[in-house]
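# An overview of the molecular structure
Letter by letter, the chains look like this.
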Amino acid sequence: MTKRILFSLLSLAFAFSPLTTATNSVQPINRLNEVQHRISIQGPQNYEGVRQLMGWLKQSDYDIAGVNWKNGLIEVITDDSGLAKLNQYRISYSIIKSRRSGIDSIEKIDSRFLNPQTVESKLKQLSQQFPQFTRLEQIGSSNQGRPIWAMLLSSTPQKNDPAYFNKPTLIVDGMHHAREIMTSEIVMDVADVVLGMKRMVTPWNQIMDSWNIWIVPMLNVDGNNIVWTQNNWWRKNGRANNNKVFGVDINRNYPFRWNTCNGSSGSATSDTYRGDKPGSEPETQALARLGYMTNPTASLSYHSYSEIVLYPYGCQGSFTSQAALYQKVGNELAKMIPNDSGNGTYTAGTPWQLLYSVDGDSMSFMHSEFGALSFTLEVNQSFQPPYELRAPTLAKHRKAWTYFLQRTSQNLFSLKVTASLRNRGNTESFAAGDATVAISSINNTLGEKPFKTNPAGNFFKVLDPGFYNITVKLADGRSKQFQIEMKGQPLTEMIQF
Ligand SMILES: [Zn+2]
């Protein structure tokens, strides 16, 4: 390979504006006064070659911004030593942009894109406008003390309404990674559509009758604030030491398989720094808390970019015991989302198939902890595309997530467990919350949690067509077993002890 550095671009980028004193007390430590380059690496002209190159880049701790599978281009953000290493290995690249962080590190982002403040005010406004369909909850506070919000969209939003627990839950989150500004837009659009603000889905109100949808449009509030005020290439959260921000990659910080397969970094300066212990970050804890609060049946997590649909697990060679279902739904979703260049569609696979090994990610956590059918969507072909791309992006993803809701509803197994008190001779029954549900063919062996009924005795699971043996076990040891047949239609079973 030949070296192909675009010197003209380089010199342009180095025409620094005069140094101004930084007024912010918090500076991203590993980027301050360091020259950063956004570069494009042309991978080999085949899938395996590109994948190997990405594996090498990841192992060498490069910050991989995204990949374009159609032309094999990998975009990387790196510093001078990173360029030197590429030169040393004779890997050709071209520089898209170079700049010194902390001085000229803010490129103009269109101010119409959502930021932590506008997300908060929009959520508050929607919750005031639709009190009968929403519940706004603060699920945590960031390292720098910013509130992290979640909003429920449901026809039964009240906390003490038993009907609330009779529906499955979908969690939709965005902005794990600070620079991925389109993701908050997509998640907020879910609220607009479900609340009927946009007439895109014909029976929009039926969605809230059959699902509880929790949206978290802006998980990484601190990181996104850094993107707007200090460094628009920032990825991690705002974790700091003596006011020096180093940041943790929230999406490598979840407890499931944390630091188990070289899918994250132990170095605080790395852009995939996993943190010093599993679940150490308040942002990670906030989304996990929402999970424990809601027991999700499905989850969608929005990231950018690469135009791919990811499903678990993240570690090399690792699949869930519902791999066939994931592959099917993943491919269906990918095929219905056209890419931004209009010459193809998204591609589906696990992170290790399409990118590199990942550990401590939210998608794998949602699947392993709650049994949620859990996807990650990497949208667009850049982090901060022009605002004009927002409307078409929302439109195509609207089709995809509404299809996902319909697809999961169609294959939903709903179980209601009630029990009468033992040895009392009465027939009064109560909802059996916290009962364990085991499903034949789902043999969880990688540390997944057993499935549990919610406080109203309900359990929901998306299942492929076929026969399943179900075993329900109460906390007091009583158990029942029965067989179901899923036929591509929703199925409800009532089991009484
Ligand atoms: Zn991301």
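So, here's what we can say about the structure. Position numbers for residues count from 1 along each chain, tracking the sequence in the order it is written. It should be noted that, the model being predicted, local features are given only for residues of pLDDT at least 70 and side-chain atom pairs only at 80 or more, the latter also being counted only at that level, while totals for whole chains, interfaces and linings use all residues. Hydrogens are left out, water is left out, and the side-chain values use all remaining heavy atoms of the structure.

We call Phe, Tyr and Trp rings a pair once their centres come within 6.5 Å, taking the six-membered ring for Trp, and we label the pair stacked below 30 degrees between planes, edge-to-face above 60, and tilted otherwise. In total, this model carries 18 aromatic pairs according to the counting rule given. Ring centres 5.2 Å apart and planes at 35° place the aromatic pair F256 and Y313 in the tilted group. Highlighted residues: F256 in the loop between strand 11 (244-245) and helix 8 (282-294) and Y313 in the loop between strand 13 (308-310) and helix 9 (323-336), separated in sequence by 57 residues. Across the pair, exposure class does not vary: F256 and Y313 are buried alike. Plain terms: the ring middles of F375 and F404 are 5.7 Å apart, the flat faces sit at 85° to each other, and that makes the pair edge-to-face. Residue F375 is located in strand 15 (residues 373-379), and its partner F404 is located in helix 12 (residues 390-410); the two are separated by 29 residues in the primary sequence. Counting from the N terminus, the helices are the DSSP runs of H or I reaching at least four residues and the strands are the DSSP runs of E reaching at least two. Relative accessible area decides the class of each residue, using a 1.4 Å probe on protein chains only: under 20% of the type maximum gives buried, over 50% gives exposed, and in between gives partly exposed.

This part covers the packing of helix 8 against helix 11 (residues 362-370). Axis angles are defined between N-to-C directions and span 0 to 180 degrees, where every axis is a line fitted to C-alpha atoms and, for a helix, only to the segment in contact. Relative orientation of the contacting elements helix 8 and helix 11 amounts to 25°, with a least axis distance of 11 Å. Here helix 8 is positioned roughly parallel relative to helix 11, judged by the angle of their axes. As helix 8 packs across helix 11, the resulting crossing turns out to be right-handed. Across from L287, A288, G291 and Y292 in helix 8, the residues of helix 11 making contact are S362, F365, M366, E369 and F370. In the contact of helix 8 with helix 11, the residues fall into six nonpolar, two polar and one charged. Every angle not falling under 35 degrees, over 145, or within 65 to 115 is termed oblique; those three ranges are roughly parallel, roughly antiparallel and roughly perpendicular. Each crossing gets its hand from how the near helix is turned against the far one by less than a right angle, where anticlockwise is left-handed and clockwise is right-handed. Whether two residues are in contact is decided by their heavy atoms: any pair within 4.5 Å suffices. Put simply, Ala, Val, Leu, Ile, Met, Phe, Trp, Tyr, Cys and Pro go in the nonpolar bin, Asp, Glu, Lys and Arg in the charged bin, and everything else, Gly too, in the polar bin.

A word on the nonpolar core. Nonpolar cores were defined as sets of buried Ala, Val, Leu, Ile, Met, Phe, Trp, Tyr and Cys residues, with membership established by side-chain atoms within 4.5 Å. Counting residues in each nonpolar core, the largest one holds 82 residues, and the members touching the most others are L153, I213, I215 and F375. No other element matches the eight residues that helix 5 (residues 182-194) contributes to this core. Ranked by size, the runner-up nonpolar core spans 24 residues in total, among them V67, I74, I95 and V358.

For the zinc ion, the protein coordination sphere consists of H177 (ND1), E180 (OE), E180 (OE) and H303 (ND1), at 2.0 to 2.3 Å. Between the four donor atoms coordinating the zinc ion, the angles at the centre fall across 56 to 148°, so the site counts as irregular. Keep in mind that water is not among the atoms, so a site may look incomplete; donors are the N, O and S atoms within 2.8 Å of the metal, or 3.2 Å for Na, K and Ca. When the donor residues of the zinc ion are listed from N- to C-terminus, their spacing reads H-x2-E-x122-H. In this pair, E180 is assigned in the loop between strand 8 (169-174) and helix 5 and H303 in strand 12 (residues 298-304), connecting sequence segments 123 residues apart. By the burial criterion, E180 is buried, and H303 matches it. For a four-donor site, all angles between 85 and 135 degrees give tetrahedral; for four or six donors, opposite pairs above 155 degrees with the remaining angles between 65 and 115 give square planar or octahedral; all remaining cases count as irregular.

With respect to the helices, strands and loops of the structure, Y47 is situated in helix 2 (residues 47-59). Considered as a pair, Y47 and L354 are 307 residues apart in the sequence and their alpha carbons are 8.9 Å apart. When near neighbours in sequence (up to four residues on either side) are disregarded, Y47 contacts W69, Q353 and L354.

For a helix, the expected span equals 1.5 Å multiplied by the number of residues minus one. In this model, helix 4 (residues 116-129) (14 residues) spans 20 Å end to end at C-alpha, consistent with the 20 Å of a helix rising 1.5 Å per residue. If you check which residues of helix 4 are buried, you get P116, V119, L123, L126 and S127. Buried residues in helix 4, looked at end-on, bunch into an arc of 100°, giving them a common side. Residues of helix 4 that are buried sit in contact with strand 6 (134-141), strand 7 (147-153), helix 5, strand 9 (212-216) and helix 7 (221-229). Side-chain atoms alone can form a polar contact between residues adjacent in sequence; in general such a contact is a pair of N or O atoms within 3.5 Å, and within protein one must be able to donate a hydrogen while the other accepts it. Regarding helix 4, its N-cap is N115, as a side-chain oxygen of that residue lies 2.9 Å from the backbone nitrogen of Q117 further along. Arc definition: directions from the helix axis to the C-beta atoms.

Next up on the list: the sheet that holds strand 21 (residues 466-473). If DSSP finds at least two bridges between two strands, the strands pair. With antiparallel pairing, four strands are arranged side by side in an open sheet as 19-18-21-22. Looking at the sheet topology across the chains shown, the edges are occupied by strand 19 (451-452) and strand 22 (479-486). The pairing of strand 18 (residues 436-439) with strand 19 spans two bridges and is antiparallel. From the neighbouring strand, T436 faces strand 19, where its bridge partner is K452.

Ordered by their spatial adjacency, four strands build an open sheet running 3-4-2-5, and the pairing between neighbours is antiparallel. Only two strands of the sheet have a single neighbouring strand rather than two, namely strand 3 (63-68) and strand 5 (93-100). For this sheet, the mean angle separating the axes of adjacent strands, direction not counted, is 15°. Sheet analysis places strand 2 (residues 35-42) next to strand 4 (residues 73-78), joined by six bridges and oriented antiparallel. In the sheet register, H37 faces strand 4, and the bridge partner there is T78.

This brings us to the side chain of S154. One can find S154 in the loop between strand 7 and strand 8. You can call S154 buried: its relative accessible area is 0%. Only 3.0 Å separates the side chain of S154 from the backbone nitrogen of T156, close enough to count as a polar contact. Contact partners of S154, with chain neighbours within four places excluded, come to Q132, F133, T134, K167, M208, W211 and N212.

Its 13 residues give helix 2 an end-to-end C-alpha distance of 18 Å, which sits within 8% of 18 Å, the value for a rise of 1.5 Å per residue. Among all positions in helix 2, only G49, V50, R51, L53, M54, L57 and K58 are buried. Tucked inside the fold, the buried residues of helix 2 contact strand 2, strand 3, strand 4, helix 3 (80-88) and helix 10 (351-354). Just beyond helix 2, the residue with positive phi is D61, at close to 65°.

Geometry only, nothing functional implied.
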